[in-house]
Amino acid sequence: GEVVHRPLLLPIAPLWIATGAVRRGLFRRQRAPCPVISVGSLAAGGAGKTPVALAIAGRLAARLGDPRTVAVVSRGYRRRPGGRDVRISGDPPDARALGDEAALTARYGVLAVSSPDRMAGVREAVRRGAAVAVLDDGFQQADVAPDLEIVVLDGREPGAGGVIPAGERREALTALGRAHLVWVHHGRLPEAWRRYLAPGAVVVEAGYVATGFVGPDGEAPLDALEGKAVAAFAGIARPAGFFRMLASTGARIGRRRVFPDHHAWTGAGRVALAAWAAGLPLVTTEKDLVRLPGLPNLWALRIASRPVGPDIDALLDRILPRSPP
């Protein structure tokens, strides 16, 4: 059976499910002025939603012939100051104003939009030339009716330890019935879960691959730090995979530290981090990189989510406004 993180809290889980069902019932998702693809998860964090959103955005840009016609709309988790205004990525992207995911997305050349009001974000993206929008962490949002729903699962623990507060899962497994595409990292969809899928739903298995580095002077190849001692750190939900992938590039991890997901860096924290590195190159994730602009000798490992199995381009073509000539 499913491993439950906090079994004593299981009796409260149905209340969370009921609250979510009531919330979805109170709002009717509206059609957007462009095709919309939602990328989300059953889990609250750590499934790899943003890499999948970037992978989908890249495929869309290739099929449309122009990355500027693709927008990724995030809710702007922990952006500061608060408010529900729509914010667009600048150059360089500001993680404090946009939120981590939107700032990371902006580094990939597509239009990054940060807005707790997803419909307002999509409308602004269309005003700026977007022909299609990808919602990062959009499975539970109540604003926009997507044309394609993608659910991302971590195959090592697909159930995320049970429903909140017993675990980290936001919904019951029956929510998988809303998905057109299930994207599984690190494993396979449990066979028993297939009964929850809608007829025609597509399942792909995917893995992360390292694609290069972002260094102090810009993009760098995978062997840029080969044989060099580095000080590696990460503030993400599942940091172990980052350290493994970094080691696979040939970098020697002389020091390592783990910080909480979405760690907020203060000025004193930045100084302490540089002192901790003791002259070694600092290497982190791209998600952490956008929160530390201007820190000397800072590198980030670039990763991508690569699916195997059924071809998903047919799903994308079905909703695109027009195929490229």
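This is a predicted model, so every value here is computed, not measured.

Chemist: Can you explain unusual backbone geometry? Please cite residues and give values.
Modeler: Residue Pro-81 follows Arg-80 across a cis peptide bond; omega there is -10°. Considering the arrangement of structural elements, one finds Pro-81 in the loop between β2 (70-74) and β3 (87-88). The phi dihedral of Arg-78 falls on the positive side, at around 65°, and the residue is not glycine. By the element assignment, Arg-78 lies in the loop between β2 and β3. On the basis of relative accessible area, Arg-78 is assigned to the partly exposed category, the value being 46%. Look at Ala-160: it is not a glycine, yet its phi comes out positive at around 55°. Among the secondary structure elements, Ala-160 is positioned in the loop between β6 (148-154) and β7 (181-185). Residue Ala-160 is classed as buried on the basis of its relative accessible area of 8%.

Chemist: An account of the packing of aromatic side chains is needed here, citing residue identities and associated values.
Modeler: By the definition in use, this model includes five aromatic pairs. Between Phe-233 and Trp-265, the aromatic rings sit 5.9 Å apart at their centres with planes inclined by 80°, giving edge-to-face as the arrangement. Of this pair, Phe-233 sits in strand β10 (residues 229-234) while Trp-265 sits in the loop between β11 (252-258) and α7 (267-277); the two residues are 32 residues apart in sequence, bridging distant segments of the chain. Exposure remark for Phe-233: the relative accessible area of 0% places this residue in the buried category. By relative accessible area, Trp-265 is classed as buried at 16%. The ring of Phe-243 has Arg-256 sitting right over it, with the charged end atom 4.8 Å from the ring centre. A cation over a ring is seen here: Arg-257 above Trp-276, with NZ or CZ 5.8 Å from the ring centre.

Chemist: Pulling in residues and values, what's your account of the nonpolar core?
Modeler: Formed by 29 residues in total, the largest nonpolar core has its most connected members in Ile-37, Ile-56, Leu-60, Val-70, Ile-150, Leu-181 and Trp-183. With eight residues, helix α2 (residues 49-64) is the single largest residue contributor to this core. In this structure, Val-70 is in contact with Ala-57, Leu-60, Ala-61, Leu-64, Val-110, Leu-111 and Val-132, ignoring residues within four places of it in sequence. With 17 residues, the next largest nonpolar core counts Ala-210, Ala-232, Ala-234 and Phe-242 among its residues.

Chemist: Go over the side chain of Glu-171, please, and point to the residues and values.
Modeler: Within the element layout of this structure, Glu-171 appears in the loop between β6 and β7. Within the local environment of Glu-171, its side chain forms a polar contact with the side chain of Arg-178, the two groups lying 2.9 Å apart. Apart from the residues lying within four places of it in its own chain, the contact partners of Glu-171 are Arg-24, Leu-42, Phe-139, Gln-140, Val-163 and Arg-178.

Rules behind the numbers
- Residues numbered from 1 in each chain as written.
- Predicted model: local features only at pLDDT ≥ 70, side-chain atom pairs only at ≥ 80, totals over all residues.
- Heavy atoms only, no water.
- Helix = DSSP H or I, 4+ residues; strand = E, 2+ residues; numbered from the N terminus.
- Buried < 20%, exposed > 50% of the residue type's maximum accessible area, 1.4 Å probe, protein only.
- Phe/Tyr/Trp six-rings, centres within 6.5 Å; stacked < 30°, edge-to-face > 60°.
- Lys NZ or Arg CZ within 6 Å of the ring centre and 35° of its normal.
- Core = buried A, V, L, I, M, F, W, Y, C linked by side-chain atoms within 4.5 Å.
- Contact = heavy atoms within 4.5 Å.
- Polar contact = N/O pair within 3.5 Å; in protein donor to acceptor, adjacent residues only side chain to side chain.

That is the geometry; function is a separate question.
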